[in-house]
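# Secondary and tertiary structure notes
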Amino acid sequence: MPSCVWLLALSLAALTGHAVAAVLYEQTERNCSFSPPHLPSTAVNTTLQLQELREQMRPLNISAYIIPGTDAHLSEYIAPRDARMAFMTGFTGSAGTAIVTPTRAALWTDSRYWVQAERQLDCNWELEKDVSIISIAEWLISEVPPGGEIGFDPFLFSLQTQENYNMNLESSNRTLKSIPTNLVDQVWTNRPPIPPDNITRLPDRVIQRSWQMKVTDIRNQMKENLYEPTALLLSALDETAWLFNLRGNDIPYNPFFYSYTLLTMDQIWLFVHTHRVTEELKVYLNTSCEGPLCVQLKQYDTVRDILINYVSQPGVKVWIGTEYTNYALYELITPEEKLLTSSYSPVLTTKAIKDETEQQVLRDAHVRDAVAVIQLLMWLEKAVPQGKETELTASEYVDMCRSKQKDSRGPSFETISASGPNAALAHYSPTKETSRKLTVDEMYLIDSGGQYLDGTTDITRTVHWGTPTAMQKEAFTRVLMGNIEISRTIFPSGTRGVNMEMLGRRALWEVGLNYGHGTGHGVGNYFGVHEWPVGFQGNNIGFRSGMFTSIEPGYYKENDFGIRIEDIAVVVPAQTKYGHNYLTFDTVSLVPYDRKLIDTSLLSSQQLQWLNNYYETIRKVLGPELDKQKLPEEKDWMLKNTEPFSASGSSASVYSSSLTLIALTITLLHNIN
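All of the points below concern the structure found in this document.

Here is what the cut-offs are and how they apply
- Residues numbered from 1 in each chain as written.
- Predicted model: local features only at pLDDT ≥ 70, side-chain atom pairs only at ≥ 80, totals over all residues.
- Heavy atoms only, no water.
- Helix = DSSP H or I, 4+ residues; strand = E, 2+ residues; numbered from the N terminus.
- Buried < 20%, exposed > 50% of the residue type's maximum accessible area, 1.4 Å probe, protein only.
- Areas by Shrake-Rupley, 256 points an atom, 1.4 Å probe, with all protein chains shown as cover.
- Lys, Arg positive; Asp, Glu negative; His and termini not counted.
- Charge placed at Lys NZ, Arg CZ, Asp CG, Glu CD.
- Axes fitted to C-alpha atoms, helices over the stretch in contact; angles between N-to-C directions.
- Left-handed = near helix turned anticlockwise from the far one by under 90°.
- Contact = heavy atoms within 4.5 Å.
- Nonpolar A, V, L, I, M, F, W, Y, C, P; charged D, E, K, R; others polar.
- Pairing = 2+ DSSP bridges.
- Salt bridge = Lys/Arg side-chain N within 4 Å of Asp/Glu carboxyl O.
- Expected span 1.5 Å × (residues − 1).
- 1 Å grid on protein atoms, 1.4 Å probe; cavity = no way out; pocket = protein on both sides within 12 Å on 5 of 7 lines; lining within 4 Å.
- Points joined across faces, edges and corners; volume = space filled by probe spheres on them.
- Disulfide = S-S within 2.5 Å.
- Core = buried A, V, L, I, M, F, W, Y, C linked by side-chain atoms within 4.5 Å.
- Polar contact = N/O pair within 3.5 Å; in protein donor to acceptor, adjacent residues only side chain to side chain.

### Here's the deal with the overall build of the protein
Summing up its helical and strand segments, the protein has 21 helices and 26 strands in all. In terms of principal-axis extent, the alpha carbons of the protein reach across some 75 × 75 × 50 Å. For the protein, the proportion of its 673 residues judged to be buried stands at 56%. Carbon and sulfur atoms form 52% of the exposed surface of the protein, whose accessible area is close to 28,200 Å². The average position of the 57 basic charges and that of the 76 acidic charges among the side chains of the protein differ by 4 Å.

### A short note on the packing of helix 15 (residues 356-383) against helix 16 (residues 391-403)
Their axes nearest at 8 Å, the elements helix 15 and helix 16 cross at an angle of 145 degrees. Crossing angle aside, the handedness with which helix 15 passes helix 16 is right-handed. Contacts between helix 15 and helix 16 involve Asp369, Ala372, Val373, Gln375, Leu376, Trp379 and Leu380 on the former and, on the latter, Thr393, Ala394, Tyr397, Val398, Cys401 and Arg402. Of the residues belonging to the contact of helix 15 with helix 16, the class tally is nine nonpolar, two polar and two charged.

### Structural notes on the sheet that holds strand 2 (residues 97-100)
Strand pairs in the sheet, formed through backbone hydrogen bonds, run parallel or antiparallel to each other. Strands sit in the order 4-3-2-1-5-6 across an open sheet of six strands; the sheet is mixed. Unpaired on one side and paired on the other, strand 4 (126-128) and strand 6 (175-178) mark the two borders of the sheet. Taking each pair of neighbouring strands and ignoring which way they run, the sheet shows an average axis angle of 25 degrees. Sheet analysis places strand 2 next to strand 3 (residues 105-108), joined by four bridges and oriented antiparallel. Residue Val100 lies in a different strand from strand 3, and its bridge partner there is Ala105. Strand contacts of helix 7 (residues 159-169): strand 1 (64-68), strand 2, strand 5 (149-152) and strand 6, with the helix running at about 145 degrees to strand 6, the strand carrying the most contacts.

### A look at the pattern of salt bridges
Counted under the stated rule, the structure contains 32 salt bridges. The structure contains a network of salt bridges with shared partners spanning Asp82, Arg84, Asp185 and Arg191.

### Focus: helix 16
A rise of 1.5 Å per residue sets the reference length of helix 16, with its 13 residues, at 18 Å; its end C-alpha atoms lie 19 Å apart and thus fit the reference within 8%. Of all the positions in helix 16, only Glu391, Leu392, Ala394, Ser395, Val398, Cys401 and Arg402 are classed as buried. Contacts from the buried residues of helix 16 go to helix 15, strand 15 (408-411), strand 16 (416-419), strand 17 (443-448), strand 18 (450-452) and strand 20 (459-464).

### Regarding the layout of surface pockets
By volume, the second largest pocket is sized at about 520 Å³. Residue lining of the second largest pocket: 21 residues in total, with Arg84, Phe155, Asp185, Tyr300 and Asp301 positioned closest to the centre. Within the residue set of the lining of the second largest pocket, elements represented by two or more residues are helix 8 (183-187) and helix 12 (303-311). The residue inventory of the lining of the second largest pocket, partitioned by class, reads nine nonpolar, four polar and eight charged.

### Focus on the state of the cysteines
Tallying each qualifying case throughout the model produces two disulfides. Note that Cys32 is cross-linked by a disulfide to Cys123, the S-S spacing being 1.9 Å. Taking the sign of the torsion about the S-S bond as the criterion, the disulfide between Cys32 and Cys123, at about -95 degrees, is left-handed. Of the two residues, Cys32 sits in the loop between helix 2 (19-26) and helix 3 (47-57) while Cys123 sits in the loop between helix 5 (114-120) and strand 4, which places them 91 residues apart along the sequence. There is a disulfide in this structure between Cys289 and Cys294, and the S-S distance comes to 1.9 Å.

### Here's the deal with the sheet that holds strand 15
Strand order in the open sheet formed by three strands is 15-18-19, with antiparallel pairing between adjacent strands. Strands at the two margins of the open sheet, each flanked by one partner only, are strand 15 and strand 19 (455-456). Across two bridges, the pairing between strand 18 and strand 19 is antiparallel. Paired with Tyr452 across the bridge in strand 19 is Gly455.

### A few points about the side chain of Arg368
Note on placement: Arg368 falls in helix 15. Contacts of Arg368, omitting those with residues within four sequence positions, involve Gln405, Lys406, Asp407, Tyr452, Asp454 and Glu625.

### A short note on the environment of Ala372
Of note, Ala372 is situated in helix 15. On the basis of relative accessible area, Ala372 is assigned to the buried category, the value being 0%. Placed 31 residues apart in sequence, Ala372 and Ser403 show a C-alpha to C-alpha distance of 8.7 Å. Excluding residues within four positions of it along the chain, Ala372 makes contact with Cys401, Arg402 and Gln405.

### Points about unusual backbone geometry
In this structure, the amide linkage connecting Ser35 to the following residue, Pro36, adopts the cis form with an omega of 0 degrees. Structurally, Pro36 can be placed in the loop between helix 2 and helix 3. One non-glycine residue, Asn61, lies in the positive phi region at around 60 degrees. Residue placement: Asn61 occurs in the loop between helix 3 and strand 1. Within the chain, Asp407 stands out as a residue other than glycine whose phi angle is a positive 65 degrees. Its location among the elements puts Asp407 in the loop between helix 16 and strand 15.

### Looking at the nonpolar core
Core analysis: the biggest nonpolar cluster contains 60 residues, and Leu380, Tyr444, Tyr593, Ile598, Leu611, Tyr615 and Leu622 have the highest contact counts within it. Setting aside residues up to four positions removed in sequence, Leu611 forms contacts with Leu480, Ile484, Tyr593, Ile598, Leu603 and Phe645. By size, the runner-up hydrophobic cluster in this structure holds 55 residues, among which are Ile251, Leu270, Val295 and Leu340.

### Looking at helix 15
One full turn of an α-helix is made of 3.6 residues, so residues set three or four places apart face in the same direction. Compared with the 40 Å implied by 1.5 Å per residue over 28 residues, the 41 Å span of helix 15 between its first and last C-alpha is a close match. For helix 15, a buried count of 20 out of 28 residues is recorded, marking the element as mostly surrounded by other parts of the structure. One side-chain oxygen of the residue at the start of helix 15 lies 3.1 Å from the amide nitrogen of Thr357, identifying that residue as Asp355.

### Some details on empty space enclosed by the protein
It is the rolling of a water-molecule-sized probe over the atoms that shows where space remains empty. By the definition in use, this model includes three cavities of 30 Å³ or more. What lines the largest cavity is a set of 19 residues, among which Leu202, Val206, Arg247, Glu358 and Asn525 lie closest to the centre. In the lining of the largest cavity, the residues fall into eight nonpolar, three polar and eight charged.

### Details of the pairing of strand 10 (residues 260-264)
Within a regular strand, the side chains alternate between the two sheet faces. With five of five residues buried, strand 10 is to be regarded as a mostly interior element. Burial along strand 10 is two-sided: Tyr260, Leu262 and Thr264 facing one way and Thr261 and Leu263 facing the other are all buried. Strand direction decides the pairing type here: strand 8 (residues 231-234) and strand 10, joined by four bridges, are antiparallel. Along strand 10, the bridge assignment pairs Leu234 with Thr261. In this structure, strand 10 lies alongside strand 11 (residues 268-272), joined through four bridges in antiparallel fashion. Paired with Thr261 across the bridge in strand 11 is Leu270. Linking two consecutive strands that pair antiparallel, namely strand 10 and strand 11, is a turn of three residues.

Rendered as structure tokens:
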């Protein structure tokens with residue numbers, strides 16, 4: 001906030017004591033040019049931890065120390081005990097890198113968090129806005145003397161990150177120094193502990209493949225690999241959880257537990273905090289025997305020692321997936337002939353294809369989840385005109401609705417509940433300070449999901465309770481057209497999502513609109529809501545029958561409104577006149593779209609038919625569930641909002657079958673796995 005505004009707020013507060021002035025004062029950003037500097041109440045004093053960290057750096061002779069905002073498993077979400085960047089800086093955003101030298105401290109984060117950083121950082125920290133490693137390396141070169149070393153925790157670096165730093169520093173006579181003992185942990189005296197919860201196993205009713213079957217399958221894939229690996233190292237938290245049908249509570253929104261697995265042809269080493277493994281689980285994992293299907297429990301922090309011992313043996317070769325293996329483990333696998341790499345491990349690619357039971361229970365979870373979302377939309381329709389509800393109360397309400405559904409285990413991510421200009425921020429989540437009142441005059445976007453014992457859900461709906469503008473209605477319809485075009489596409493098995501992603505944008509492109517995020521991501525069975533490697537990005541694998549993905553085009557008008565329509569769909573076989581082994585998507589999210597935002601004159605006859613078929617599916621599937629839960633009002637709301645659209649008035653769309661054929665031709669020529 002400009003200093004003149006801050007001074008005005010301060011003057012008003014001093015002279016009048018007016019509440020508005022006090023609020024303005026409290027919400028200002030830091031201003032370090034004053035003496036003493038102005039710091040908002042949200043800023044954290046980091047002087048002590050910086051002093052103590054520098055004392056740790058001194059005997060190691062390092063000129064800088066890098067603090068990433070991730071954990072040892074390169075997870076999307078991290079536990080409170082891994083929030084080292086937040087502890088050192090006071091900044092709690094989900095993306096960033098901090099660096100400390102003997103005299104300076106700097107934080108790099110992207111544009112989503114600049115305002116937040118200015119409100120949370122004290123004047124010990126400089127905010128840098130170019131988040132590329134090139135920019136960070138240039139800063140390091142300017143601060144670290146020639147010949148100086150830059151310390152980092154190799155557990156918090158991916159292989160790619162370490163390589164990028166080396167590449168940008170190699171000609172500067174500055175080098176990285178791997179320090180496996182994290183220096184922040186040495187000064188973080190009140191670091192949150194490991195959660196006390198025991199690890200649990202999934203109930204048999206949601207499992208088709210036992211862990212023994214999965215281990216056998218992965219071993220067979222190891223045997224079939226031409227490079228003949230003798231062991232597979234699993235580092236991503238969902239890899240071990242999937243392999244053994246286990247779940248935990250270590251990571252917010254994700255039912256994971258700290259773990260690694262080293263799997264050979266005749267041994268299984270599971271690295272966990274062993275005190276959390278119950279006697280019942282020990283029997284389940286066959287821990288008391290020795291053999292190819294007996295799990296040897298090892299303490300979580302012994303993974304480096306055991307890996308070093310294994311690699312020292314002659315004739316071994318360790319297979320790793322580079323996407324989630326940290327540099328601390330990678331650097332132990334030497335010489336090079338003992339290492340086999342691929343972007344993803346065979347566990348991740350196998351897990352991506354759900355078996356019949358997983359498909360069915362994940363569909364079931366979406367049926368119950370649709371009930372909760374409909375309860376939210378129906379309540380908002382009544383409550384918003386009364387003028388008392390906010391983005392935050394709406395977020396809390398949908399969580400409450402989900403909590404009443406069978407097998408609910410909480411939200412799958414922090415709800416994006418956004419109205420008006422807040423919805424133009426694609427990943428905004430409300431707080432007490434930012435939450436806006438919901439009104440009938442603005443668009444409202446709700447992106448939320450739930451964790452259930454049988455599945456993970458993620459759905460976005462955009463609504464308007466008043467009269468939308470012509471532009472809002474057209475933009476919404478064109479976003480819906482993109483969703484439909486991907487959803488109804490037929491494609492050869494193995495087609496990569498990146499080669500059909502343009503179908504989600506075509507209707508927007510034709511009028512000069514677009515969106516700046518991905519078009520979809522995989523989703524798991526009581527797992528991560530963003531489950532790699534499925535989706536529509538360049539590093540995703542080709543689609544196969546049994547995969548689940550989100551489909552979520554959008555449009556965001558800065559400082560005005562935002563639109564996103566997100567559904568989860570499963571890849572299923574398609575019936576074609578001539579060809580075999582073709583696939584399409586079957587939408588499993590079962591919540592109708594806002595009718596008043598749909599301009600049917602823009603829809604092609606095929607799109608309108610798809611929409612009516614989808615609404616008929618909602619009626620057939622969701623109607624019995626609403627009856628079962630004794631929710632007649634919700635059923636009436638659902639029936640009203642899924643009435644079929646008339647074909648009259650719909651016009652030929654910019655989407656023609658020829659466009660789809662063009663897209664599929666491109667697909668056939670590129671990257672069919």
